[in-house]
Amino acid sequence: RAAAGAMPALLAAAWALLAAAFLAALLLWQATVRRRPGGGDGGGVSGFFQDLIRYGKTKRGGGRQPGWLHRLQVPKRWFTHFYVVSVLWNGFLLVRLFQAEFLRGPLPSWIQHMQHALGRDSQSEDMADSEHSSVLLALLLLWLHSCRRLAECLWTSVFSDGVIHILQYCFGLGYYIGLGSTLLCQLPASTRKGKELSVHVCWYHVVGVTMYTWASLHQHRCLVILAKLRRSKSGSVVSLSHSVPYGDWFERVSCPHYLAELLIYISLAIVLGLHNVTWWCVVMYVVFNQALAAALCHEFYQENFSSYPMHRKAFIPLVF
């Protein structure tokens, strides 16, 4: 267990640094809102900072921007590209890992070099079958999540004319490449040295998959609710404006789809056996990243809808 729990220090440090950066951004935004009479977008913060942390509908409330910042925007609907990249890249990693585990073939040398470069410790060559099964299952669930989100972007969601910063867009593309790579780096670079994997189903696999399914179902329901605000009963798009959503987890928080996203990442931590420090660093990044996005959305709803339900929190019921 100690060998299996050895973490690639470089990867863990990178994810922890990202988590700290988004925590700092969240605290800075909250501090500027408290300093400014009546709340708002934090006028003491540079327009560039506001431009980086806001996207979509929240960017419209970000104050006046220098003209050069407008040239660094891309359509928010390009979010779809993130999931295209994730489906292709993580699907490729899943196939290669499946071949290595079940068909006794080695991982490509460039993948092994990537594992070593990202800090994979080769001391854990004797990892238990359950550990290998956990990583394979987590990568499969990540790929299925990306497939569902891609389908929702293509056929469910109705994107407005909102924009995102080009740096956010580039970061998002790299993010989904990094997720699958992080999971793959939880295994030794030499995989199983020709031994076929004996699948072991553990209690935490069952708990993790159950939580993953539950959170995914609610995330889909919430995205359908958002889409229906812009569609007629026949399914035609009739508006690109923003309205107050009701139903499902929207009764508790402003951004339940962000909460569901967090729960999905926690479910993967459970699938990995709860002891994987690297993935918990990923979870911490998701906590602060989604908390910042949810706080900005919550602010938008409160500022633009006078009758917005006061009991709703931004991200986590009764907490934040």
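Residues numbered from 1 in each chain as written. Predicted model: local features only at pLDDT ≥ 70, side-chain atom pairs only at ≥ 80, totals over all residues. Heavy atoms only, no water.

## A look at the overall build of the protein
(1) Moving on: Within the protein, the regular secondary structure consists of ten helices and two strands.
(2) Moving on: Listed by position from the N terminus, the elements making up the protein come as α-α-α-β-α-α-α-β-α-α-α-α.
(3) Moving on: Within the span of the protein, comprising 320 residues, buried residues form 53% of the whole.
(4) Moving on: Taking all contacts inside the protein whose residues are at least 6 apart in sequence as the whole, residues at least 24 apart take part in 82%.
(5) Moving on: Accessible area for the protein stands at about 14,600 Å²; split by element, carbon and sulfur atoms hold 65% of it. (Helix = DSSP H or I, 4+ residues; strand = E, 2+ residues; numbered from the N terminus. Buried < 20%, exposed > 50% of the residue type's maximum accessible area, 1.4 Å probe, protein only. Contact = heavy atoms within 4.5 Å. Areas by Shrake-Rupley, 256 points an atom, 1.4 Å probe, with all protein chains shown as cover.)

## Observations regarding helix α9 (residues 256-271)
(1) Moving on: Its 16 residues place the ends of α9 22 Å apart at the C-alpha level, agreeing with the 22 Å of an ideal helix rising 1.5 Å per residue.
(2) Moving on: Of all 16 residues in α9, 15 are buried; the element is thus mostly enclosed.
(3) Moving on: At the C-terminal side of α9, Gly273 shows a positive phi close to 100 degrees. (Expected span 1.5 Å × (residues − 1).)

## Digging into the nonpolar core
(1) Moving on: Leu179, Tyr265 and Trp279 are the most contacted members of the largest nonpolar core, which totals 82 residues.
(2) Moving on: With 15 residues, the single largest contributor to this core is helix α10 (residues 277-304).
(3) Moving on: Each residue touching Tyr265, except ones within four places of it in the same chain, is listed here: Tyr175, Tyr176, Leu179, Trp279, Val282, Val283 and Val286.
(4) Moving on: Counting residues in each nonpolar core, the second largest holds five residues, with Phe300, Tyr301, Phe305 and Tyr308 among its members. (Core = buried A, V, L, I, M, F, W, Y, C linked by side-chain atoms within 4.5 Å.)

## Examining the packing of aromatic side chains
(1) Moving on: This structure, assessed with the given rule, holds 24 aromatic pairs.
(2) Moving on: Here the aromatic rings of Phe98 and Phe102 are separated by 4.7 Å at their centres, their planes lie at 40 degrees, and the arrangement is tilted. A residue pair is termed a helical-turn pair when its members lie 3 or 4 positions apart in one helix, as Phe98 and Phe102 do in helix α4 (residues 79-102) at four residues.
(3) Moving on: In this structure an aromatic cluster arises from ring pairing among Trp15, Phe22, Tyr55, Trp78, Phe79, Phe82, Tyr83, Tyr169, Phe171, Tyr175, Tyr176 and Tyr285. (Phe/Tyr/Trp six-rings, centres within 6.5 Å; stacked < 30°, edge-to-face > 60°.)

## Description of the UniProt feature "transmembrane region" (unreviewed entry) in the protein
(1) Moving on: The UniProt record marks residues 78-98, 163-185 and 262-288 with the feature "transmembrane region" (unreviewed entry), using the residue numbering of this structure.
(2) Moving on: In this annotation, residues 78-98 is assigned 95% helix and 0% strand; the end-to-end C-alpha distance for the span is 31 Å.
(3) Moving on: Regarding residues 262-288, the helix share stands at 81% and the strand share at 0%, and the terminal C-alpha atoms are separated by 10 Å. (UniProt positions renumbered as here; feature names shortened; annotations may be inferred.)

## Considerations on unusual backbone geometry
(1) Moving on: Despite not being glycine, Leu274 has its phi angle at roughly 75 degrees, a positive value.
(2) Moving on: As for its position among the elements, Leu274 is in the loop between α9 and α10.
(3) Moving on: On the basis of relative accessibility, which here comes to 39%, the residue Leu274 falls in the partly exposed class.
(4) Moving on: In this model, Leu318 sits at a positive phi of 70 degrees, which is unusual for a non-glycine residue.

## Re the packing of helix α7 (residues 166-184) against α10
(1) Moving on: The geometry of α7 relative to α10 is characterised by a closest axis approach of 11 Å and an angle of 155 degrees between their N-to-C directions. Between α7 and α10, the interaxial angle falls into the category roughly antiparallel. Considering the relative orientation of α7 and α10, their crossing is left-handed. Only Thr278, Trp279, Val282, Tyr285 and Val286 of α10 make contact with α7, whose side of the interface consists of Phe171, Tyr175, Leu179, Thr182 and Leu183. (Axes fitted to C-alpha atoms, helices over the stretch in contact; angles between N-to-C directions. Parallel < 35°, antiparallel > 145°, perpendicular 65-115°, else oblique. Left-handed = near helix turned anticlockwise from the far one by under 90°.)

## Thoughts on the pattern of salt bridges
(1) Moving on: Scanning all chains against the criterion turns up four salt bridges.
(2) Moving on: Among the ionic pairs, Glu152 bridges to Arg148, the shortest N-O distance being 2.7 Å. Note that Glu152 and Arg148 are positioned in helix α6 (residues 129-155) at a spacing of four residues, about one turn of the helix. Taken as a pair, Glu152 and Arg148 share a single burial class, namely buried.
(3) Moving on: Among the salt bridges present, the one from Arg149 reaches Glu152, with a minimum N-O distance of 2.9 Å. With a gap of three residues between them, Arg149 and Glu152 both fall in helix α6, about one helical turn apart.
(4) Moving on: According to the relative accessible area criterion, Glu152 is buried, its value standing at 2%. (Salt bridge = Lys/Arg side-chain N within 4 Å of Asp/Glu carboxyl O.)

## Notes on the side chain of Gln219
(1) Moving on: Take Gln219: it is sitting in helix α8 (residues 203-228).
(2) Moving on: On the basis of relative accessibility, which here comes to 2%, the residue Gln219 falls in the buried class.
(3) Moving on: With residues near it in sequence (within four places) discarded, Gln219 still touches His145, Arg148, Arg149, His257, Ala260, Glu261 and Ile264.

## Some details on α4
Every α-helix carries 3.6 residues per turn, so stepping three or four residues along brings you back to the same face.
(1) Moving on: For α4, spanning 24 residues, the distance from its first C-alpha to its last is 34 Å, which sits close to the expected 34 Å at 1.5 Å a residue.
(2) Moving on: In the segment just after α4, Arg104 is the residue with positive phi, at about 60 degrees.

## A few points about the environment of Met114
(1) Moving on: Within the element layout of this structure, Met114 appears in helix α5 (residues 109-117).
(2) Moving on: Apart from the residues lying within four places of it in its own chain, the contact partners of Met114 are Trp89, Ser181, Leu184 and Cys185.

## Structural notes on the environment of Leu137
(1) Moving on: By secondary structure assignment, the location of Leu137 is in helix α6.
(2) Moving on: With sequence-adjacent residues up to four places away left out, Leu137 is seen in contact with His205, Val209 and Val271.

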